[in-house]
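# Analysis of the macromolecular model
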Amino acid sequence: MLGLNSAALFLAPATGAPFERTAARGWSKTESESIDAEDPLIVQLRAELTPIVLDGRPRAETILPGGAKTPSLVVPLLMRGLVFGFVLYGSRSNGMPLTPDEQVLLEAVARSAGAAYDHIDADRSHARIAELEAQVRALSVSH
């Protein structure tokens, strides 16, 4: 819809773990498939908890697409106030920068994704609690 040259979703499987690229468009196998949780960009995302406009300069810490596919915006995915993922968005195919309204739209999508992941996590937690309670009851009956 926005005519972006590239985008990549990175998620951390656990707190403090590297962020792993789980989906991408316009990225190849030569670009980073994971980004360390202590990468300066991630540290900045955790500090600000808001999208960051990137300046296009190469980054020593990670290998990102270059040229027209160079990421121009990173939007954090938040769950319970923590960054559990982020999306790197490239420039638009027509060369025009994203408008403030488009950036707000991408941030709203990220908020919705964070809420969806939170619901999924809560459902998994409830299922695990029910499973553990059943195991405790089974142990109590057998003793």
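The sections below set out a description of the structure shown in this document. (Residues numbered from 1 in each chain as written. Predicted model: local features only at pLDDT ≥ 70, side-chain atom pairs only at ≥ 80, totals over all residues. Heavy atoms only, no water.)

### Things to note about the side chain of serine 32
We apply this condition: Only DSSP runs of H or I with at least four residues qualify as helices, and only runs of E with at least two residues qualify as strands; both kinds are numbered from the N terminus onward. Three exposure classes are used, based on accessible area relative to the maximum for each residue type with a 1.4 Å probe and protein chains only: buried under 20%, partly exposed in between, and exposed over 50%. Whether two residues are in contact is decided by their heavy atoms, any of which lying within 4.5 Å being enough.
Residue placement: serine 32 occurs in the loop between strand E2 (19-25) and strand E3 (34-35). On the basis of relative accessible area, serine 32 is assigned to the buried category, the value being 11%. Among all residues touching serine 32, those that are not within four sequence positions of it are Phe10, Arg21, Trp27, Thr62 and Ile63.

### Observations regarding the sheet that holds strand E4 (residues 52-53)
So the rule is basically this: Here, strands pair whenever DSSP counts at least two bridges between them. Each axis is a line fitted through C-alpha atoms, taken for helices only over the stretch in contact, and angles between the N-to-C directions span 0 to 180 degrees.
Here 6 strands make up an open sheet; going across it, the order is E3-E2-E1-E6-E5-E4 and the pairing antiparallel. Sheet topology places E3 and E4 at the edges, where each strand pairs with a single neighbour. The pairing of strand E1 (residues 7-11) with strand E6 (residues 82-90) spans 5 bridges and is classified as antiparallel. Looking at E6, one finds that phenylalanine 10 is bridged to phenylalanine 86. Sitting on the sheet, helix H1 (residues 40-48) is in contact with E2, E3, E4, strand E5 (71-79) and E6, with an inclination near 115° to E6.

### Re the nonpolar core
Using the following cut-off: The nonpolar core is taken to be a set of buried Ala, Val, Leu, Ile, Met, Phe, Trp, Tyr and Cys residues, with the residues joined through side-chain atoms within 4.5 Å.
The biggest cluster of nonpolar side chains holds 15 residues, and the ones touching the most others in it are Phe10, Phe19, Val74, Phe86 and Leu88. Among the nonpolar cores identified, the runner-up in size contains 14 residues, and Leu11, Val87, Tyr89 and Ala110 belong to it.

### Digging into the pairing of E5
Looking along a regular strand, one sees the side chains alternate between the two faces of the sheet. Summarising burial for E5: 7 of the 9 residues are buried, a large majority. By the bridge criterion, 2 bridges tie E4 to E5 in an arrangement that is antiparallel. By the bridge assignment, isoleucine 52 is partnered in E5 with valine 74. Relative to E6, E5 is paired through 8 bridges, and the arrangement is antiparallel. Within the sheet, the bridge partner assigned to valine 75 lies in E6 and is valine 87. The antiparallel hairpin formed by E5 and E6 contains 2 residues in its connecting segment, where arginine 80 sits at a positive phi of about 55°.

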